[in-house]
Amino acid sequence: AQRVTQPEKLLSVFKGAPVELKCNYSYSGSPELFWYVQYSRQRLQLLLRHISRESIKGFTADLNKGETSFHLKKPFAQEEDSAMYYCALSGGAAGNKLTFGGGTRVLVKP
Amino acid sequence: KAGVTQTPRYLIKTRGQQVTLSCSPISGHRSVSWYQQTPGQGLQFLFEYFSETQRNKGNFPGRFSGRQFSNSRSEMNVSTLELGDSALYLCASSLAGTTGELFFGEGSRLTVL
C-alpha cells in the first residue's frame, strides 16, 4: 500500500525566513512525487514534480529514495506563499491515481 | 482555455437519496479523475476515466460510481447517501500521456442531512 505523510499541519514563519515542508512516503516501487498548492479562494494546482527537477516560485524539492522523503524548501518565504500544500505520490498503475498527504498549512507573517 | 467546470457547486441531500455530479474537463483533456475531500480523511482518490473507460479505482464502496462520455465529460453518482458522504468532491482533468499533472475544478460540496 502506498502512503504519504506530512507531519506538520501548520507551519508559521516570518517573511524572509526559510521554510521547509516535510513529506515522507511509503511505496515499494519507483514513485513519482508531486507538490500541489491551494492558495486562498483558488483551486488546487500543481506546484512541482520531482522528475522535472526545476524551481517553481523559488521552491525546490528533492526526492531522497533512501529516506523516502520529498521535502519542499524555499530559502526566503514571501507572504504570497501562505497557502495549503499537499504532497502526492503516483506509483505503479498507469494514469492518474494520486495518493495525497494530509496537507500542511503555511502562514508567512510580515 | 476554460478550466475544469463542476456542477452543481453546492447541494444538500438527505440520507438514502442519490446524487449525480458533473465535470467538464479542459478542452483536449481525455483523463478525468475524481477525489473526495473531507476534514478527517483528506483527499482520497475515487476513480479515473480515460477514453470512456475506468482506468483506476480507489477503495470506495460500490455506491460510488462514475462514467465518462465521448466528449470526455464525466459524471459521478453516489447512491443511498450516508451522512459520511458529506464532502467536497473534486474533479481533475489531464492530458493523455501525462502522469500526476492534474488540473482541478472548484469542487461540488455535498451535504447529507
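Above: the structure in question.
Described below are features of the structure shown in this document. (Residues numbered from 1 in each chain as written. Chains lettered and ligands numbered in written order. Predicted model: local features only at pLDDT ≥ 70, side-chain atom pairs only at ≥ 80, totals over all residues. Heavy atoms only, no water.)

**Considering the packing of aromatic side chains**
Right, so step 1: The final tally for this structure, using the stated rule, is ten aromatic pairs over all chains.
Right, so step 2: Here the aromatic rings of Phe100(A) and Phe104(B) are separated by 6.4 Å at their centres, their planes lie at 70°, and the arrangement is edge-to-face. Of this pair, Phe100(A) sits in strand β10 (residues 98–100) while Phe104(B) sits in strand β10 (residues 103–104), on two different chains.
Right, so step 3: On the basis of relative accessibility, which here comes to 8%, the residue Phe100(A) falls in the buried class.
Right, so step 4: Judged by its relative accessible area of 3%, Phe104(B) is buried. (Phe/Tyr/Trp six-rings, centres within 6.5 Å; stacked < 30°, edge-to-face > 60°. Helix = DSSP H or I, 4+ residues; strand = E, 2+ residues; numbered from the N terminus. Buried < 20%, exposed > 50% of the residue type's maximum accessible area, 1.4 Å probe, protein only.)

**Comments concerning the interface of chain A and chain B**
Right, so step 1: With 16 residues of chain A in contact, the opposing surface of chain B contributes 21 residues.
Right, so step 2: Summed over both partners, the interface of chain A with chain B comes to about 1,700 Å²; 49% of that surface belongs to carbon and sulfur atoms.
Right, so step 3: A per-residue breakdown of the area chain A buries against chain B is headed by Arg43(A), Asn96(A) and Lys97(A), which together make up 40% of the total.
Right, so step 4: Its salt-bridge partner being Glu101(B), residue Arg49(A) comes within 3.2 Å of it at the nearest N-O pair.
Right, so step 5: Viewed at the interface, chain B and chain A are joined by 13 residue pairs in polar contact (both at pLDDT 80 or more).
Right, so step 6: For the side of chain A that touches chain B, the secondary-structure elements that each account for two or more residues are β5 (32–38), β6 (45–49), β9 (83–90) and β10 of chain A.
Right, so step 7: For the side of chain A that touches chain B, the leading source of residues is β5(A), giving three residues.
Right, so step 8: In terms of residue class, the side of chain A that touches chain B is made up of nine nonpolar, three polar and four charged. (Contact = heavy atoms within 4.5 Å. Buried area = accessible area lost by both parts, 1.4 Å probe. Salt bridge = Lys/Arg side-chain N within 4 Å of Asp/Glu carboxyl O. Polar contact = N/O pair within 3.5 Å; in protein donor to acceptor, adjacent residues only side chain to side chain. Nonpolar A, V, L, I, M, F, W, Y, C, P; charged D, E, K, R; others polar.)

**Concerning the pairing of strand β2 (residues 10–14) of chain A**
Residue and element names in this part refer to chain A.
Right, so step 1: Burial of β2 is one-sided: the residues Leu 11 and Val 13 facing one way are buried, the residues Leu 10, Ser 12 and Phe 14 facing the other way are not.
Right, so step 2: Both β2 and strand β11 (residues 104–109) contribute to a ladder of five bridges, which runs parallel. Opposite Leu 11, over in β11, you have Val 106 as the bridge partner. (Pairing = 2+ DSSP bridges.)

**Some details on the state of the cysteines**
All names here are of chain A.
Right, so step 1: Inspection of the entire model under this criterion finds two disulfides over all chains.
Right, so step 2: The disulfide that involves Cys 23 links it to Cys 87, with 2.0 Å between the sulfurs. Between Cys 23 and Cys 87, the S-S dihedral sits near -65°, and the bridge is therefore left-handed. With Cys 23 in the loop between β3 (19–21) and β4 (24–26) and Cys 87 in strand β9, this residue pair connects regions lying 64 residues apart in the sequence.
Right, so step 3: Assessed through its relative accessible area of 0%, Cys 23 is described here as buried. (Disulfide = S-S within 2.5 Å.)

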